[in-house]
Amino acid sequence: MLEKNYNPKDFEEEIYKNWEENGDFKPDMRSDSEAFSIVIPPPNVTGYLHMGHALDDTLQDILVRYNRMLGKKVLWQPGTDHAGIATQMVVERNLAKEGITRHDLGREKFIETVWKWKAHSGGTICKQLRRLGASCDWSRERFTMDEGLSRAVLKIFVSLYKDGLIYKAKKLVNWDPKLATAVSDLEVVQKETVGKMYYYKYPIEGEKGEFIHIATTRPETMFGDTAVAVSKDNEKLKHLIGKNCILPIANRIIPIVADDHADPEKGTGAVKITPAHDFNDFEVGKRHNLPMINILNEDATLNENTPFEGLSTQEARQKTIEKLEELGLMEKIEDHPMVIPYGERTGVVIEPLMTDQWFVDAPKLAVEALRVVENGEMQFVPKSYEKTYFEWMRNIQPWCISRQLWWGHQMPIWYGPDGTIFCEETEQLAQAKADKHYGKKVELTRETDVLDTWFSSGLWAFSTLGWPDKTEFLDTFYPTSVLVTGFDIIFFWVARMMMMSMYMMKRVPFKKCYIHGLVRDEHGQKMSKSKGNTVDPMETIDTYGADALRFFMAAMETQGRDVNLSDSRIAGYRNFATKLWNAARFCEMNECKYSKDFNPYEVKSAVNKWIVAKANQATSEVTKNLNDYRFSDAANTVYQFVWGTFCDWYIELSKPIFYGEDAEQIAETRATAAWVLDRILIILHPFMPFITTKLWDNTENREVKLIHAKWPEIKSADDNTQQIDWAIDLISNIRSMRASMNLPASAKLDVYLKDMSQTSISYLPQMEKIVCSLARLEKIEVFENKQEISKDMVQSVFREGLILIPLKGVVDFAAERERLNKELDTLNRNLEGYERKLSNASFVERAPANVVAEEKRRQAEALENKAKVIAALERIKDL
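So, here's what we can say about the structure. The structure displayed is predicted, hence computed values, not measured ones.

### Some words on the pattern of salt bridges
Close approach of charged atoms allows side chains of opposite charge to pair.
Then comes step 1: Counted by the stated rule, this structure contains 59 salt bridges.
Then comes step 2: The partner of D61 in a salt bridge is R65, and the shortest N-O contact between them spans 2.7 Å. Of this pair, D61 and R65 are both found in helix 2 (residues 51–69), four residues apart, which corresponds to roughly one turn of the helix. The pair D61 / R65 is uniform in exposure class, with both members buried.
Then comes step 3: Look at the salt bridges and you will find they share partners, linking K837, E854, E855, R857, R858 and E861 into a network.

### Examining the state of the cysteines
Then comes step 1: What the rule picks out here adds up to zero disulfides.
Then comes step 2: Lacking any disulfide linkage, C513 is separated from the closest cysteine sulfur, that of C136, by 18 Å.

### Looking at helix 19 (residues 567–589)
Then comes step 1: Under the 1.5 Å per step criterion, the end-to-end length of helix 19 is 33 Å for 23 residues, consistent within 8% with the ideal 33 Å.
Then comes step 2: Every buried residue belonging to helix 19 is among I570, A571, Y573, F576, A577, L580, W581, A583, A584, R585, F586 and C587, and all of these are buried.
Then comes step 3: Structurally, helix 19 contributes buried residues whose contacts are with helix 17 (537–544), helix 18 (546–556), helix 21 (631–658), helix 22 (663–684) and helix 23 (689–697).
Then comes step 4: Looking one or two residues beyond helix 19, the residue adopting positive phi is E591, at roughly 60 degrees.

### Considerations on the sheet that holds strand 7 (residues 188–203)
Then comes step 1: A sheet is described by the order of its strands in space; here three strands give the open sequence 8-7-13, paired in antiparallel fashion. Because the sheet does not close on itself, it has two edges, and the strands there are strand 8 (211–216) and strand 13 (330–343). Along the sheet, successive strands turn relative to each other by an average axial angle of 20 degrees, direction set aside.
Then comes step 2: Strand contacts of helix 9 (residues 313–326): strand 7 and strand 13, with the helix running at about 165 degrees to strand 13, the strand carrying the most contacts.

### A closer look at the packing of helix 21 against helix 22
Then comes step 1: Here helix 21 crosses helix 22 at 170 degrees, and the two axes come no closer than 11 Å. The angle between the axes of helix 21 and helix 22 places the two elements in the roughly antiparallel class. Contacts between helix 21 and helix 22 involve V638, F641, V642, F646, Y650, S654, I657 and F658 from the first element and Q665, I666, T669, R670, T672, A673, V676, L677, I680, I683 and L684 from the second.
Then comes step 2: Residue composition of the contact of helix 21 with helix 22, by class: 14 nonpolar, four polar and one charged.

### Observations regarding the side chain of K754
Then comes step 1: As for its position among the elements, K754 is in strand 26 (residues 749–754).
Then comes step 2: With a relative accessible area of 15%, K754 lands in the buried category.
Then comes step 3: In this view, K754 contacts F783, N785, I789, G801, L802 and L804; residues no more than four positions away in its chain are not counted.

Cut-offs used in this document
- Residues numbered from 1 in each chain as written.
- Predicted model: local features only at pLDDT ≥ 70, side-chain atom pairs only at ≥ 80, totals over all residues.
- Heavy atoms only, no water.
- Salt bridge = Lys/Arg side-chain N within 4 Å of Asp/Glu carboxyl O.
- Helix = DSSP H or I, 4+ residues; strand = E, 2+ residues; numbered from the N terminus.
- Buried < 20%, exposed > 50% of the residue type's maximum accessible area, 1.4 Å probe, protein only.
- Disulfide = S-S within 2.5 Å.
- Expected span 1.5 Å × (residues − 1).
- Contact = heavy atoms within 4.5 Å.
- Pairing = 2+ DSSP bridges.
- Axes fitted to C-alpha atoms, helices over the stretch in contact; angles between N-to-C directions.
- Parallel < 35°, antiparallel > 145°, perpendicular 65-115°, else oblique.
- Nonpolar A, V, L, I, M, F, W, Y, C, P; charged D, E, K, R; others polar.

Structure below.
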């Protein structure tokens, strides 16, 4: 017997434990059915579940559970990412509490410490994914630094290197001076601020009193200037092209070059070119073969190529300005809106820096990765994201894969005594190659850099399935069926997976890529700790249950749009679960029991025929929408069927049958209700797996667990549902008229139908009993045309005719007029108050936007209610 109240805390974790212990998430490798596979985007091993994960993993689990119920051989491959920078920082912070640095330990001991931390504290997020209901095959959980994946990394690195697709070069990179490493664009946060624009001038060589005027936000970088650029279309300045100017303080001669990077309409029209410290300037420097002068140390202090060695950039900026003022070259300083890059993990300013780094020739790898999307071998859903992918891949730059960290995959690169590079999968192979090269045994030095985390995660689709070994799982599940991920990592992960897979596997890593939006706060703002608007999914699950959060994510996930988090909506979906729970209890109390011998397509009752047809219609729509990745449409179809069709109408329509005396009809309705409840549990299971499993298990003698239940096939049913739909519309209209007239619920009404079609008239005899019962009527009849409509009759349009309700004897018109006038007075007073507030400029300017919006909402609601009261008074003024 079900408990009276729905309380997900009573059973969610117990149900998950049962699934996992019984191997319900494992694919049946003996089956010859079609394979379906998804690899989870590996969360950082340091991470905690956030609402973005909750959306991403809910959508994946819906697809996984749905395809499992379709009878496919399903694998959802889980795992975590070693998260080089994030993990190293966590462990270094822990060491700092003991007064120790990683350098005190040395590289080997530090890496041992990280592995110990991972064993003790890593993997929290995987426990949290279980709370969400993620049905991953945890027996196959992988880690990007485990032995198998490390072998995959070494093998593909060596292959890429020997194919000339990995190389070392001195280039400009994003440099994090706190970590002293290159970082990817994804690890850089752009922050808007108001800084300063500094205007000064460089003297023209050999032309006394002539200057070229410069505007920059970073005067301290002038010591790295190797040119000034002017557009050839700049009428005021083009006469300076080809001349030289003198770099102040350093007194170095630099050329004035023609380049379209200098916009005549921006700033002074002239741009100082610092190729070693600005990405745009780096490109200008390459075009004009300019020297590249590095002026920064690894910690972002100025180096020996400047007069301010050892100073921070801020200190050097002030000194530079003072010196320019002394020389009479400083002109003005203005406030200037600007965007400054910060390290996502460290919070320090990221500097463009020229360093020796390792690169993958991404433009070459992108060729095949582009081709397979162009010809449809891999499809984006929604298709519009193809454009984003194409734009990125067609303009892709070499990929910097080296990181100056200790935690990560150390590059399989060794240097000989003269710097010759040896790249092999093991030190023994590298040593043998070196000894052969030199003709004697030599000492090798290993490259200290580790690989960008995205390098190993780029192999995720095939390395997790066993590559480089030939395995049954690799043969069965690669290529995977679909990748589900956010649009913000199309460039960083999707593109790299495509390039690596096409290079090594010669096949796409996934056949489809479903891209979803971001989860934002209730007001559409991006969630961040600094804003204080983040929401912990675990707290939400504790409050409302995992099913409510999952259903919210599915119901809000509309292709191409972000999801705005709403606590009230999540609470509403908990209420939805409660509604289903109560419906199941109603069925249980009325002895609605599952029978495998029941045939729903042979029912005789109109009500039962109607619900069977509606169940099939809902199933068909959910199936189509899931196949098309329309999660919100699928979820809302289930919601409307369960709440509206089944709970609000079928249960109500069945009550007169259950409370009647027709034994045959009662038996049929019991069996039908049980069948429909089972259908609901099946089509709702991918979205709300916990409550559906709990209710499924409440029925004894089940032949199969719900997680493995067969997804329904749509069979043709008697879809002649018009008469029940007609009755429901009629009842809804009468109830609406009752509410608008404030008629007492106890009042039994007489109702007349006027000007109805012959079809509607033909429905009335069959539906009369149901309508009278649910609309609380004394009688319902057809209104003859020869009859007159009396003054006390209220009327409402219904389909092709009218509903008429006589109010005489039902309503005390004098008392009703008095009540309505009092309500009108109250509304008028409230409206005056809203008007005073909203016409007060001080209130509108100072009050939070949500408070002002709420006042406006209340004002609009009061105006709407006032119109209804006036209309009600008008209806009864002469009665």
